[in-house]
Amino acid sequence: MALTGLQIYKLLPKTNCKECGYPTCLAFAMKLAAQKEELSKCPDASEEVKAALGAASAPPIKLVTIGTGEDKIAVGEETVLFRHDKTFFHHPAIGEILPDTMGEGELIKRVNYLKSLDFERAGEMLKVNIIALENKSGDVETFARAVKTVSKIWNRPIALIPHSSAALDLAMKETAGNKPLIIAGSGSSEISAFARTAKEYSCPLMVCGDGTLEGTLKAVDEAKKAGAEDIIINPASDTLSNFLTHQTVIRRAALDRLDPRTAYPTGVILRGDDLPLLAPAAICKYPAVILMENPPDELYISLMTLRQNIYTDPQKPLQVEGLVYPIGEPDENSPLIVTTNFSLTYFMVSSEIDSSGVTAHLAIIEAEGMSVLTAWSAGKFTAEIIANSLKEMKIAELVKHRKIIIPGYVASLQGELEEEMPGWEILVGPQEASDIGDYFKQVW
Ligand code: SF4
């Protein structure tokens, strides 16, 4: 259980020496309790407080990795119930279940399609992370063949849903080195056998429950007793309401360290008509692995975008470096456009310029990652700051014309900026990035 500010205070030196940057030990203790400071800032912290804080700050949810190499999946180590309390650290893996009854050609086609869904958004590459092969045929050879086919062309993590431990054993011969996620199906009588295999190959194990919390935690217990160490808990909830309840109860119990059986990331397997409803809910609360059977293709892009939004740190806006970025191959006659360094703003403006067919210089002003209006109202995007930044960027050497286009939302800066930058004409651009193409046609 996390320590309170007062409990931490009792362990600090109480000399109020201010070395940590706070006026009193109590103020520092409060920040430590809120996990907004590091104990290392107090040079006189005793071994006792280091040990107490270290134990209390160890992540309550185990880190579990699936797969190997640069696309391996790391999940767990979450510390909060609500994203705004701190942040969510490891985004959930999104994947698709493919049955081994698909022919080889069909399997290859689907895997290649899933690979083709990779796309870049706000500087981050979004992709499908995992493929789960399910032993629908019930035949061990067919399952192993499907695993072999997919392993050859999919260099990201794989999950295995075997029908029996014999099927698992044969499939592991094809892919054990890839550290696959082994899934012990709901009510599987072979949880212990699967757990022993997971232990033997140091692979993670998803333990699927029976739709109840009690049954699920009993299954986790069984897997632990059989030696599984890296567990993902899937309560196999049958309705949206049960799903949210189970996921929340497990997360809360883990964070409060109420039951060691809950101290693992959770997962979910989604099938059937409710899948498009459950998948976005799963991105928000809380499964670390989301596997879907026959999802609509168009669901992927919205899930990956939602995941990116939920799993960015709310206290650290995504930002790009303050520079002049060439869009296309601009020259000295190309327009010069100014905006802030909020990632989403940068990517929206740059992609709209790009699709307009006009090459341009895009000057990004450092504004603590805020969007234009927020930065302007916070005093981070003023005429003086813009002028100083543009001078540092040596824009006079970059363009022959003397025109700067500012965002329409800060039209009020036009006069001030002209005063700050004598000899330059300040043009007011559109408010919305989507109007940039029309603006170029009409004004530039
Ligand atoms: S540095 Fe340590 S002793 Fe000094 S005020 Fe901060 S917490 Fe107290």
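Values in this document were obtained by computation on a predicted structure and should not be read as measured data.

Reading the values: the criteria
Residues numbered from 1 in each chain as written. Predicted model: local features only at pLDDT ≥ 70, side-chain atom pairs only at ≥ 80, totals over all residues. Helix = DSSP H or I, 4+ residues; strand = E, 2+ residues; numbered from the N terminus. Buried ≥ 20, exposed ≤ 12 C-beta atoms within 10 Å, placed from the backbone. Contact = placed C-beta atoms within 7 Å. Near = placed C-beta within 6 Å. Nonpolar A, V, L, I, M, F, W, Y, C, P; charged D, E, K, R; others polar. Pairing = 2+ DSSP bridges. Right-handed = clockwise from strand over helix to strand, strands pointing away. Axes fitted to C-alpha atoms, helices over the stretch in contact; angles between N-to-C directions. Parallel < 35°, antiparallel > 145°, perpendicular 65-115°, else oblique. Left-handed = near helix turned anticlockwise from the far one by under 90°. Core = buried A, V, L, I, M, F, W, Y, C linked by C-beta atoms within 7 Å. Expected span 1.5 Å × (residues − 1). Arc of directions from axis to C-beta.

S.K.: Tell me what's going on with the overall build of the chain, and back it up with residues and numbers.
M.R.: Along the backbone of the chain there are 17 helices and 17 strands. Overall size of the chain, expressed as C-alpha extent along the three principal axes, is 80 × 70 × 35 Å. Burial analysis of the chain (444 residues in total) assigns 40% to the buried set. Excluding contacts between residues fewer than 6 apart, the proportion of contacts in the chain whose partners are at least 24 apart in sequence is 63%.

S.K.: Now, about the site of the ligand: what can you tell me, with residues and values included?
M.R.: Neighbouring the ligand are 13 residues, the closest being Cys-17, Glu-19, Cys-20, Cys-25 and Cys-42. Grouping the amino acids of the shell around the ligand by side-chain chemistry returns eight nonpolar, two polar and three charged.

S.K.: Explain the pairing of strand 16 (residues 403-406) to me, using residue names and the numbers behind them.
M.R.: Sheet topology note: the strand 16/strand 17 (residues 425-428) ladder contains four bridges and is parallel. By the bridge assignment, Ile-406 is partnered in strand 17 with Val-428. Handedness of the strand 16-helix 16 (residues 414-420)-strand 17 crossover: right-handed.

S.K.: Before we move on, can you summarise the sheet that holds strand 12 (residues 289-293) with the specific residues and values?
M.R.: If you walk across this open sheet you meet the eight strands as 10-9-8-7-6-3-12-11, and the pairing is parallel. The open sheet has two edge strands, strand 10 (231-234) and strand 11 (267-270), and neither has a second partner. Mean inter-strand twist for the sheet, computed between neighbouring axes without regard to direction, equals 20°. For strand 3 (residues 93-99) and strand 6 (residues 130-134), the ladder comprises five bridges, and the chain directions are parallel. Across the sheet, Ile-97 pairs through a bridge with Ala-132, a residue of strand 6. Packing against the sheet, helix 7 (residues 191-201) makes contact with strand 8 (181-184) and strand 9 (205-208), and its axis sits at approximately 170° to strand 8.

S.K.: Outline the packing of helix 5 (residues 140-153) against helix 6 (residues 165-175), supporting the account with residue identities and numerical values.
M.R.: Across the interface, helix 5 lies against helix 6 with an axial gap of 8 Å and an inter-helix angle of 25°. Classed by the angle they form, the pair helix 5 and helix 6 counts as roughly parallel. In the packing of helix 5 onto helix 6, the handedness of the crossing is right-handed. Residues Val-140, Phe-143, Ala-144, Val-147, Lys-148 and Ser-151 of helix 5 lie in contact with helix 6, whose contacting residues are Ala-166, Ala-167, Leu-170, Ala-171, Glu-174 and Thr-175. Of the residues that constitute the contact of helix 5 with helix 6, the class distribution is eight nonpolar, two polar and two charged.

S.K.: Now, about the nonpolar core: what can you tell me, with residues and values included?
M.R.: In this structure, Leu-205 and Val-207 are the most contacted members of the largest nonpolar core, which totals 74 residues. Dropping the residues within four chain positions of it, Leu-205 is found in contact with Ile-182, Ala-184, Phe-194, Ala-195, Ala-198, Ala-223, Ala-228, Asp-230 and Ile-231.

S.K.: Tell me what's going on with the packing of helix 4 (residues 104-116) against helix 5, and back it up with residues and numbers.
M.R.: The geometry of helix 4 relative to helix 5 is characterised by a closest axis approach of 10 Å and an angle of 35° between their N-to-C directions. In this structure, helix 4 crosses over helix 5, and the sense of that crossing is right-handed. Between helix 4 and helix 5, the contacting residues are Glu-104, Leu-107, Ile-108 and Val-111 on the first element and Ala-146, Thr-149, Val-150 and Ile-153 on the second. Residues that form the contact of helix 4 with helix 5 fall into these classes: six nonpolar, one polar and one charged.

S.K.: Mind laying out unusual backbone geometry, listing which residues take part and the relevant values?
M.R.: One non-glycine residue, Glu-77, lies in the positive phi region at around 55°. For Glu-77, a count of 16 C-beta atoms within 10 Å puts it in the partly exposed group. One non-glycine residue with positive phi stands out, namely Arg-257, at about 50°. Tracing the backbone shows Arg-257 in the loop between helix 9 (240-255) and strand 11. Residue classification places Arg-257 among the partly exposed residues on the basis of 14 C-beta atoms within 10 Å.

S.K.: An account of the pairing of strand 8 is requested, with residue identities and associated values reported.
M.R.: Burial of strand 8 is two-sided: the residues Leu-181 and Ile-183 facing one way and the residues Ile-182 and Ala-184 facing the other way are all buried. One ladder, built from two bridges, connects strand 7 (residues 158-161) with strand 8; its direction is parallel. Opposite Ala-159, over in strand 8, you have Leu-181 as the bridge partner. Where the polypeptide runs from strand 7 across helix 6 and back to strand 8, its parallel neighbour, the crossover connection is right-handed. Two strands pair when backbone bridges link them, and strand 8 and strand 9 are joined in this way by three bridges, in the parallel orientation. Along strand 9, the bridge assignment pairs Ile-183 with Met-206.

S.K.: Now, about helix 8 (residues 213-225): what can you tell me, with residues and values included?
M.R.: Between its first and last C-alpha atoms helix 8 spans 18 Å; for 13 residues at 1.5 Å apiece the expected length is 18 Å, and the two agree. For helix 8, every residue scored as buried is listed here: Thr-216, Ala-219, Val-220 and Ala-223. Down the axis of helix 8, the sector holding all buried residues measures 105°, keeping them to one side. For helix 8, the exposed residues set more than 90 degrees away from the buried face come down to Glu-214 and Lys-225. In this structure, the buried side of helix 8 is in contact with helix 7, strand 9 and strand 10. One or two steps after helix 8, the chain reaches Gly-227, where phi turns positive at roughly 110°.

S.K.: Residues and numbers for the environment of Leu-240, please.
M.R.: Residue placement: Leu-240 occurs in helix 9. Its 13 C-beta neighbours within 10 Å are what place Leu-240 among the partly exposed residues. For the pair Leu-240 and Leu-275, spaced 35 residues apart in sequence, the C-alpha separation works out to 10.0 Å. Among all residues touching Leu-240, those that are not within four sequence positions of it are Asp-274, Leu-277, Leu-278 and Ala-281.

Read these as spatial facts, not as claims about activity.
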